[in-house]
Structure formats: structure tokens, C-alpha cells
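Residues per chain are reported as follows:
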Amino acid sequence: MGGKGKPKQMQLHLPTWGGRRKRKRRCTEQQRLTKVPHRRRPALARHPVLATWRVLSHVWNLRSRRCFSRIARAFSCGRDRFGFRIVHFSVQGNHLHLVVEADDERALARGMQGLGVRIAKALNRLMGRKGAVFADHYHARILRSPTQVANALAYVLMNFLHHFPGEAARYAKDARDPFSSAWREQGTDPPVATARTWLLTIGWRMRAGPGLAVLADP
């Protein structure tokens, strides 16, 4: 009879506690420096936001009456929805400036998304096109102080003088841009919502000159 081999011994892998532990990987100095520290973001419920949104090169001049009338209609529909409010705006040839309020980041995202969809659909219908209208995601900056808010309001409401310096003499006595929330015709209010934050109701006035007060007052 052939010799039988020795039976193989079964090894049981039992859980163990204690003993030698795996060495933890140490972070290098470069890794420590590149980590982004966690900072608590300020509550949007207390801080307005300055938003800028550019359109693609094929989009018609936004300051034309046919484009602006459709943009203003979109502002009117989306000025106060889902905790999102459009308080001030100006429309330039290829971009929009907005001063908005939002209850939180989600309200800001939803409000801006809805506004972008309305404007894109309206302009595409006008131009007989389909597809994207805005070049990229909007740029947003949180305004944390009365000075920042006053500067943002001056930037938004008087931005047309920067893009069209030749118009400065024409608007020397009245610097209200017809394509902004500063323009108020008799019996017609701009398509904006009433501000609720302290910074946009009271705070900005502490740092505003008389010219800005005329433009930004409701």
C-alpha cells in the first residue's frame, strides 16, 4: 500500500486583540500645509450676495429692448421664491450683476438656477436657438459689512458708466441706468423684492454717499 501523507493541519484565523499595530502614515509638512482649514461660513440669512453671470458670445446684446424686456420678465417671476430675493440688478451687454438675499446656500442655488432657466428659455425663444446661454456658473461673493454692501451697490447700479464712459455726460444730472433696478418710471416699479437683511435695509446707508442713496432707495 502506498504511504499515506500526513493530514494537513487546518489553520484557524481567529480575531486577535492587542499585539503589534500597523504603523500610521505620518503626514508630511507639505501635506499639512495644503490642507484647507474648516471655517464656518457666515449665514446667508444675514448677508447679501453679489452675483455676476456672463452669457456666451452668440447671445444678443442684453441691453437691447427686446432682450431686456424678457430678462425683466424673468426677474419679476423669480424675484421672491424659495427664500431667494432679487433686491438690485443691472444688465450689461454680455453679463448680469445681481445683489440678492437668500435664507441659506440651498435657497441661493435654487433661486439662481430657476432664474437662469427662465432667462435662457426666453432668450433662446427670441433668438430661435437651443442650448446654453450662460458661459459658466455664476460668480458669487458674500457681502459681510456695510462698506462692502455700499461698494457693491455703487458697482452694480453705476456699472454702465464703466462700460459706456461716453454716456457719463448724458447722465451727469441723473445717473439712473434704464437697464437697472435704479430706474423707476411713473407707475412702474422695478422687478425686485424688498430687502430683509439689516445690511441691505439700514447698514449700507452708513457708508453711502447722497448719490448712491438716490439710486438704491426703493
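Residues numbered from 1 in each chain as written. Predicted model: local features only at pLDDT ≥ 70, side-chain atom pairs only at ≥ 80, totals over all residues. Heavy atoms only, no water.

Undergrad: Would you mind going over the packing of helix α2 (residues 65-78) against helix α3 (residues 105-127) in detail, with residue names and values included?
TA: Look at α2 against α3: their axes get within 9 Å of each other, and the N-to-C directions meet at 150°. Overall, the two elements α2 and α3 adopt an arrangement that is roughly antiparallel. Seen along the crossing, α2 lies across α3 with a hand that is right-handed. Where α2 approaches α3, its residues Arg66, Cys67, Arg70, Ile71, Ala74, Phe75, Cys77 and Gly78 are matched on the opposing element by Leu115, Arg118, Ile119, Ala122, Leu123 and Leu126. The residue inventory of the contact of α2 with α3, partitioned by class, reads 10 nonpolar, one polar and three charged. (Axes fitted to C-alpha atoms, helices over the stretch in contact; angles between N-to-C directions. Helix = DSSP H or I, 4+ residues; strand = E, 2+ residues; numbered from the N terminus. Parallel < 35°, antiparallel > 145°, perpendicular 65-115°, else oblique. Left-handed = near helix turned anticlockwise from the far one by under 90°. Contact = heavy atoms within 4.5 Å. Nonpolar A, V, L, I, M, F, W, Y, C, P; charged D, E, K, R; others polar.)

Undergrad: Describe the pattern of salt bridges, with residues and values.
TA: Scanning the model with the defined rule gives four salt bridges in all. With its nearest N and O atoms 3.7 Å apart, the salt bridge here joins Arg196 to Asp80. With a gap of 116 residues between them, Arg196 in the loop between α5 (159-163) and α6 (198-201) and Asp80 in strand β2 (residues 80-81) connect regions that are remote in the sequence. What makes Arg196 exposed here is its relative accessible area of 56%. Asp80 gets classed as partly exposed once you look at its relative accessible area, which sits at 41%. Here Arg85 makes a salt bridge to Glu101, at a shortest N to O gap of 2.9 Å. In this pair, Arg85 sits in strand β3 (residues 84-91) while Glu101 sits in strand β4 (residues 95-102), placing the two residues 16 residues apart along the sequence. Counted as one network, the salt bridges with shared partners bring together Arg85, Glu101 and Asp103. (Salt bridge = Lys/Arg side-chain N within 4 Å of Asp/Glu carboxyl O. Buried < 20%, exposed > 50% of the residue type's maximum accessible area, 1.4 Å probe, protein only.)

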